[in-house]
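Read off the chains here:
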Amino acid sequence: MLEPAPAPAWAPFAGARPIAELRAGAHRIRTRWAAALGASETTVVDASLAEFRETDEARVVAPGAVVGPAVVARSDAVPADRALSFGAARRLISGNDTIAWTLADGERWGGPDDAGSAAPCDAMLLRGAYDLIGALERFLADDCAAAPASGPAPDGSIVLGDAALLRIQGAVIEPGVVFDLRGGAIVLERGAEVRHGTRIEGPCWIGPGTRVLGGFVRGSAFGPRCSVRGEISSSVFIGYANKSHDGFVGHSVVGHWVNLGAGTTTSNLKNTYGPVRLSAAGHHIDTGRTFLGSLIGDHAKTAIGTLLATGTVIGAGASVFGDAAPKWVPPFAWGSAGTERLDEAGFLRTAERVLPRRDVDVTPELRRSLAAIYRRSTVA
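As a starting point, this report considers the structure included with it. (Residues numbered from 1 in each chain as written. Predicted model: local features only at pLDDT ≥ 70, side-chain atom pairs only at ≥ 80, totals over all residues. Heavy atoms only, no water.)

1. A short note on the sheet that holds strand S12 (residues 166-168)
Thought 1: The strand order across the open sheet formed by nine strands is S12-S15-S18-S20-S22-S25-S30-S33-S35, and the pairing between neighbours is parallel. The open sheet has two edge strands, S12 and strand S35 (328-329), and neither has a second partner.
Thought 2: Of the strand pairs in this sheet, S12 and strand S15 (residues 186-188) are connected by three bridges, and their pairing is parallel. Paired with Leu166 across the strands is Ile186, a residue of S15.
Thought 3: Most of the contacts of helix H2 (residues 131-146) go to strand S18 (residues 204-206), to which it runs at about 80°, and overall it touches S12, S15, S18, strand S20 (221-222), strand S22 (236-237) and strand S25 (253-254). (Pairing = 2+ DSSP bridges. Helix = DSSP H or I, 4+ residues; strand = E, 2+ residues; numbered from the N terminus. Contact = heavy atoms within 4.5 Å. Axes fitted to C-alpha atoms, helices over the stretch in contact; angles between N-to-C directions.)

2. A closer look at the environment of Ala371
Thought 1: Relative to the helices and strands, Ala371 resides in helix H4 (residues 364-377).
Thought 2: Between the alpha carbons of Ala371 and Glu344 there is a distance of 6.9 Å; along the sequence they are 27 residues apart.
Thought 3: Once you skip the residues sitting within four places of it in the chain, Ala371 turns out to touch Glu344 and Leu348.

3. Some points on the pairing of strand S21 (residues 227-233)
Thought 1: In terms of residue burial, S21 counts as a mostly covered element, since five of its seven residues are buried.
Thought 2: Here S21 runs beside strand S23 (residues 242-243); their pairing, made up of two bridges, is parallel. Along S23, the bridge assignment pairs Val228 with Lys243.
Thought 3: Where S21 and strand S24 (residues 248-250) come together, three bridges link them in parallel fashion. Each residue of the ladder has a partner; that of Glu231, found in S24, is Phe248. (Buried < 20%, exposed > 50% of the residue type's maximum accessible area, 1.4 Å probe, protein only.)

4. As for the nonpolar core
Thought 1: Counting 56 residues, the largest nonpolar core has Ile29, Trp33, Leu92, Leu126, Trp205 and Leu278 as the members making the most contacts within it.
Thought 2: When contributions to this core are tallied by element, the ones reaching two or more residues are helix H1 (29-37), strand S6 (77-79), strand S8 (97-103), strand S10 (123-125), H2 and strand S28 (277-280).
Thought 3: With seven residues, H2 is the largest single contributor of residues to this core.
Thought 4: Residues in contact with Leu92, not counting those within four places in the same chain, are Trp33, Leu84, Ser85, Phe86, Asp97, Thr98, Ile99, Ala100, Ala119 and Cys121.
Thought 5: Counting 35 residues, the second largest nonpolar core, distinct from the first, contains Ile200, Val217, Phe222 and Val228. (Core = buried A, V, L, I, M, F, W, Y, C linked by side-chain atoms within 4.5 Å.)

5. So, the packing of helix H3 (residues 344-354) against H4
Thought 1: Closest axis-to-axis distance for the H3/H4 pair is 10 Å, and the angle between their directions is 140°. When the interaxial angle is binned, H3 and H4 end up oblique. Between H3 and H4 lies a crossing of right-handed hand. Contact residues: Glu344, Phe347, Leu348, Ala351 and Glu352 in H3; Arg367, Leu370, Ala371, Tyr374 and Arg375 in H4.
Thought 2: Its residues placed into classes, the contact of H3 with H4 shows six nonpolar, no polar and four charged. (Parallel < 35°, antiparallel > 145°, perpendicular 65-115°, else oblique. Left-handed = near helix turned anticlockwise from the far one by under 90°. Nonpolar A, V, L, I, M, F, W, Y, C, P; charged D, E, K, R; others polar.)

6. A word on the packing of aromatic side chains
Thought 1: For the structure shown, the criterion picks out seven aromatic pairs.
Thought 2: Cation over ring: Arg32 sits above Phe139, and NZ or CZ is 4.6 Å from the ring centre. (Phe/Tyr/Trp six-rings, centres within 6.5 Å; stacked < 30°, edge-to-face > 60°. Lys NZ or Arg CZ within 6 Å of the ring centre and 35° of its normal.)

7. Some words on the sheet that holds strand S5 (residues 70-73)
Thought 1: Within the open sheet, the four strands sit side by side as S5-S8-S7-S9. Their pairing is mixed. Looking at which strands have only one partner, the edges of the open sheet turn out to be S5 and strand S9 (118-120). Between one strand and the next, the sheet's axes are offset by a mean angle of 25°, whatever the strand orientation.
Thought 2: Across three bridges, strand S7 (residues 91-94) lies against S9 in parallel orientation. Bridge pairing in S9 links Arg91 to Ala118.

8. Re the side chain of Ser157
Thought 1: Relative to the helices and strands, Ser157 resides in the loop between H2 and strand S11 (158-160).
Thought 2: At 3.1 Å, the side chain of Ser157 and the backbone oxygen of Pro154 are in polar contact.
Thought 3: Once residues lying within four places of it in the same chain are set aside, the contact partners of Ser157 are Ile173, Val177 and Phe179. (Polar contact = N/O pair within 3.5 Å; in protein donor to acceptor, adjacent residues only side chain to side chain.)

9. Considering the pairing of S28
Thought 1: Every second residue of S28 is oriented toward a common face, the buried set being Leu278 and Ala280 and the non-buried set Arg277 and Ser279.
Thought 2: Joining the antiparallel neighbours S28 and strand S29 (residues 283-286) is a turn of two residues, in which Ala281 adopts a positive phi near 50°.

10. Here's the deal with the side chain of Asn242
Thought 1: Mapped onto the elements of the fold, Asn242 is located in strand S23.
Thought 2: At 2.5 Å, the side chain of Asn242 and the side chain of Asn259 are in polar contact.
Thought 3: In this view, Asn242 contacts Ser227, Val258, Asn259, Leu260 and Arg358; residues no more than four positions away in its chain are not counted.

11. Structural notes on unusual backbone geometry
Thought 1: For the peptide bond that leads from Gly68 to Pro69, omega is 10°, which places it in the cis range.
Thought 2: The residue Pro69 is located in the loop between strand S4 (59-61) and S5 in this model.
Thought 3: The amide bond that connects Gly202 to the next residue, Pro203, takes the cis arrangement and shows omega of 0°.
Thought 4: For Pro203, the position within the fold is in the loop between strand S17 (198-201) and S18.
Thought 5: Positioned with a positive phi, Arg225 is a non-glycine residue whose angle comes to about 55°.
Thought 6: Within the secondary structure layout, Arg225 lies in the loop between S20 and S21.
Thought 7: When its relative accessible area of 25% is taken as the criterion, Arg225 is described as partly exposed.
Thought 8: Here Tyr273, not a glycine, exhibits a phi torsion of approximately 60°, which is positive.
Thought 9: We classify Tyr273 as exposed; its relative accessible area is 59%.

Now the structure itself:
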């Protein structure tokens, strides 16, 4: 997977994690490419992220380490085709853009180019992190519908629509949960838990070990080991995030190890109903989207009662508290003003307390990865 060049449009995730590890619909981008190509292994091509470690991440290598036979695909392109073939071509193209290359046996990757024959491919090109909401809208319904069928709904559940669209893969469901399948399938992976007082409206994907503790959840995808409650609409939780209290999150992307304090609420629509414009590190980005909430980077945290304006971007490791949050919160900011910065030792101490709560051991290798995230994300 060839990572895009660092750019403000990829805030708040650039530097903290490979773009290939983000979710486009229910699945990570690299997983979508591997499935479409029938690949058994994926790696990420980016020299700056060589120290990245997590739980089940792809190996990260420098560009010169890629030798054929191999396929190099762009992380900022999401294949819509479920089965891709180069045929006799050297490249795959979407419109006028090359999005993947094939390397012959022994051929070393020399960088992207437009040389050689090309075969067309249906794909969505992502302009930045905010386009993950567009990818959710495009892919989630099909992702959920393609999941394996399961048995009947548990006793005590309330099912609206076609019960065959409920895909329960070893989840625990308390009586009284409402499954509204009229808009699409609902998938609950192994170890997921849904508590009484929850209404889930499809399409919706609940990842392994994720707990839905109550409230109204619709049109969203949750990675592993999240805890969520309240009203959540059209949002992507990458994994290991905590929103255990009430509050509205809509059209937002929430990174790994994020903790949203009780009552944290996002705005996803401007009073003018106009297109949302982002601010990131002094850059202004026109998204063209009418509905867009917040982009919240890995390890970020919000205090109770935090209100986030339409199109807020919160950098990795930031702690938002105090006055109203600005639309751009720098990485590792301490407080809403963004003038103070959490130091590396404080960040690592907090991570060492948080990660074991989801049964993730902070090994020396993982600790080095966290320290590298801090160094990449802060400016001297």
